[in-house]
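Here's the letter readout for the chains.
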Amino acid sequence: MPDEILHRISTEGADPVLFTGVNDANLFELTRSTGVRATLRGDTLTLGGSLEQVERATSVVQGMLDLARMGESVTLEDVARLFVSGPAADALGTGEQKIVLPGLRRVIAPKTPGQREYLAAIATNDVVVGIGPAGTGKTYLAVAKAVEALARKRVRRIILARPAVEAGESLGFLPGDIQAKVDPYLRPLYDALEDMMPQDRVQKALESRIIEIAPLAYMRGRTLADAFIILDEAQNATVAQMKMFLTRLGVNSKVVVTGDKTQIDLPRREESGLIQIERILPGVDGIGFCYLDETDVVRHRLVREIIKAYAEDQHG
């Protein structure tokens, strides 16, 4: 190729296995998506191709290196996402965006511009409403911020709540005690928590009620001070439940509300408290709204494609 150029990038500080993937799979994906030839020798990655190809590949490689240098394993999905959206700006490298948790050997950081805005909103507001589809990291990042706040003694406890709407009024007919009845609805919150803390510490914190995981209905009548409170699956909170929840806010507390407006399980959409607060609360000082979309999906590449297909079908 007469117009081929070579560009060398230092990969110093990045674990080569985290960066290139198993059997250099990430470099093959980089070649497939951008058309460059990619060769890693020692701490130098050489990109060969046209100027346009090399510029595009360089942007993707910088995002890959940011992740690898933070101890994150770069996946094929990450490479594909970086090709579509570019690196999550240069903020991946900024200190306030990294979440360092005690006992974890890795750093949790935003992988997309949308996730970066979401974490920034949580840092600067007392109440944050994160709206977006599955797989965008709404709950995961909120739980990470809650565990970080607890570890740094910014709050004295964490409260994770979810509406048990799927059970409807039939909760009493399910077998087992109340905990056994609601556990299936709260399991995703346990899973996120156990990813952030050693299991024995999670157990101790639950026993001492430093961390509480409960159905939304249990919040009634309480004032929640010195706490980081997350309401997950908020699209299934009724208007009355949402008002009850938000008015529990006490001194030195932070609230994150997460929801997906395409997954409302209530009998009537207008009963969703999430839909109502989206209408009446923007503009209130101290309350931040953050919107994530399919470009922020960090699960399997197909999740992004599935969400996009459903959205197109609804608008078609």
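Predicted model only: the values in this text are computed from it and were never measured.

Let us look at the overall build of the chain. Across its full length, the chain holds 11 helices and 11 strands. Here the chain, with 316 residues, has 48% of them falling under the buried criterion. Relative to all contacts within the chain whose residues are 6 or more apart in sequence, the contacts with residues 24 or more apart total 70%. With the model as given, the accessible surface of the chain reaches about 15700 Å², and the carbon-plus-sulfur share is 52%.

The next point concerns the confidence of the model for the chain. Confidence in the prediction for the chain averages 83 pLDDT; 86% of positions are at 70 or higher. Throughout residues 88-95 the model reports pLDDT below 50, and contacts reaching past four residues in sequence, or to other chains, amount to 15 contacts. pLDDT under 50 marks residues 167-175. Its contacts with residues more than four places away, or in other chains, come to 10 contacts.

Attention now moves to unusual backbone geometry. The backbone phi angle of D24 is positive, close to 60 degrees, even though this residue is not glycine. In this model, D226 sits at a positive phi of 50 degrees, which is unusual for a non-glycine residue. Among the structural elements, D226 can be located in the loop between strand 8 (211-215) and strand 9 (227-231).

Among the structural elements, D78 can be located in helix 4 (residues 76-85). Residue D78 is classed as buried on the basis of its relative accessible area of 2%. Within polar-contact distance, the side chain of D78 engages the backbone nitrogen of T75 at 3.0 Å. With residues up to four places along the chain from it excluded, the contact list for D78 reads L67, S73 and K111.

In terms of burial, strand 6 (residues 127-131) is largely enclosed, as five of its five residues are buried. Both faces of strand 6 are covered, namely the face carrying V127, V129 and I131 and the face carrying V128 and G130. Relative to strand 10 (residues 254-259), strand 6 runs parallel, the two being bridged by five bridges. The residue of strand 10 that forms the bridge with V128 is V256.

Time to look at a nonpolar patch on the surface. A contiguous nonpolar patch, built from L302, I306 and Y310 and spanning about 330 Å² of accessible area, is present on the exposed surface. You can see L302 is positioned in helix 11 (residues 301-315). Exposure remark for L302: the relative accessible area of 42% places this residue in the partly exposed category.

Judged by nonpolar contacts, the single largest core of 35 residues is most densely connected at L193, I211 and I213. Only helix 5 (113-124), helix 6 (138-151), strand 7 (157-162), helix 7 (178-196), helix 8 (199-207), strand 8 and strand 9 provide two or more residues apiece to this core. For this core, the leading source of residues is helix 6, giving eight residues. Ranked by size, the runner-up nonpolar core spans 23 residues in total, among them A214, A227, A234 and M244.

For the structure on display, the rule yields 13 salt bridges. Of the charged contacts, one joins E29 and R32 as a salt bridge, the two residues approaching to 2.8 Å between their closest N and O atoms. Of this pair, E29 and R32 are both found in helix 2 (residues 25-34), three residues apart, which corresponds to roughly one turn of the helix. For R32, a relative accessible area of 62% gives the class exposed. Here E194 makes a salt bridge to R187, at a shortest N to O gap of 3.6 Å. Of the residues examined, R187 reaches a relative accessible area of 37% and is grouped as partly exposed. Through salt bridges with shared partners, a single network forms among R162, D232 and E233.

For A225, the position within the fold is in the loop between strand 8 and strand 9. The exposure class assigned to A225 is partly exposed, which follows from its relative accessible area of 28%. Measuring from C-alpha to C-alpha, the distance between A225 and S253 comes to 5.5 Å, with 28 residues separating the pair along the chain. Residues contacting A225, with those up to four places away along its chain left out, are R157, G250, V251 and S253.

All buried positions along helix 8 are accounted for by V202, A205 and L206. Each buried residue of helix 8 sits inside an arc of 100 degrees when the element is viewed along its axis, so together they form one side. Residues of helix 8 that are exposed and point more than 90 degrees away from the buried face comprise K204 and E207. Looking one or two residues past helix 8, R209 carries a phi angle of roughly 65 degrees, positive in sign.

Let's shift gears to the packing of helix 5 against helix 6. Across the interface, helix 5 lies against helix 6 with an axial gap of 11 Å and an inter-helix angle of 40 degrees. Considering the angle they form, helix 5 stands oblique to helix 6. Classified by chirality, the crossing of helix 6 by helix 5 is right-handed. Residues Q115, Y118, L119 and I122 of helix 5 lie in contact with helix 6, whose contacting residues are K138, L141, A142 and K145. Split into classes, the residues belonging to the contact of helix 5 with helix 6 amount to five nonpolar, one polar and two charged.

Criteria and thresholds
- Residues numbered from 1 in each chain as written.
- Predicted model: local features only at pLDDT ≥ 70, side-chain atom pairs only at ≥ 80, totals over all residues.
- Heavy atoms only, no water.
- Helix = DSSP H or I, 4+ residues; strand = E, 2+ residues; numbered from the N terminus.
- Buried < 20%, exposed > 50% of the residue type's maximum accessible area, 1.4 Å probe, protein only.
- Contact = heavy atoms within 4.5 Å.
- Areas by Shrake-Rupley, 256 points an atom, 1.4 Å probe, with all protein chains shown as cover.
- pLDDT = per-residue confidence, 0-100.
- Polar contact = N/O pair within 3.5 Å; in protein donor to acceptor, adjacent residues only side chain to side chain.
- Pairing = 2+ DSSP bridges.
- Patch = residues over 30% accessible without salt bridge, like charges linked within 9 Å, V, L, I, M, F, W, Y side chains within 5 Å.
- Salt bridge = Lys/Arg side-chain N within 4 Å of Asp/Glu carboxyl O.
- Core = buried A, V, L, I, M, F, W, Y, C linked by side-chain atoms within 4.5 Å.
- Arc of directions from axis to C-beta.
- Axes fitted to C-alpha atoms, helices over the stretch in contact; angles between N-to-C directions.
- Parallel < 35°, antiparallel > 145°, perpendicular 65-115°, else oblique.
- Left-handed = near helix turned anticlockwise from the far one by under 90°.
- Nonpolar A, V, L, I, M, F, W, Y, C, P; charged D, E, K, R; others polar.

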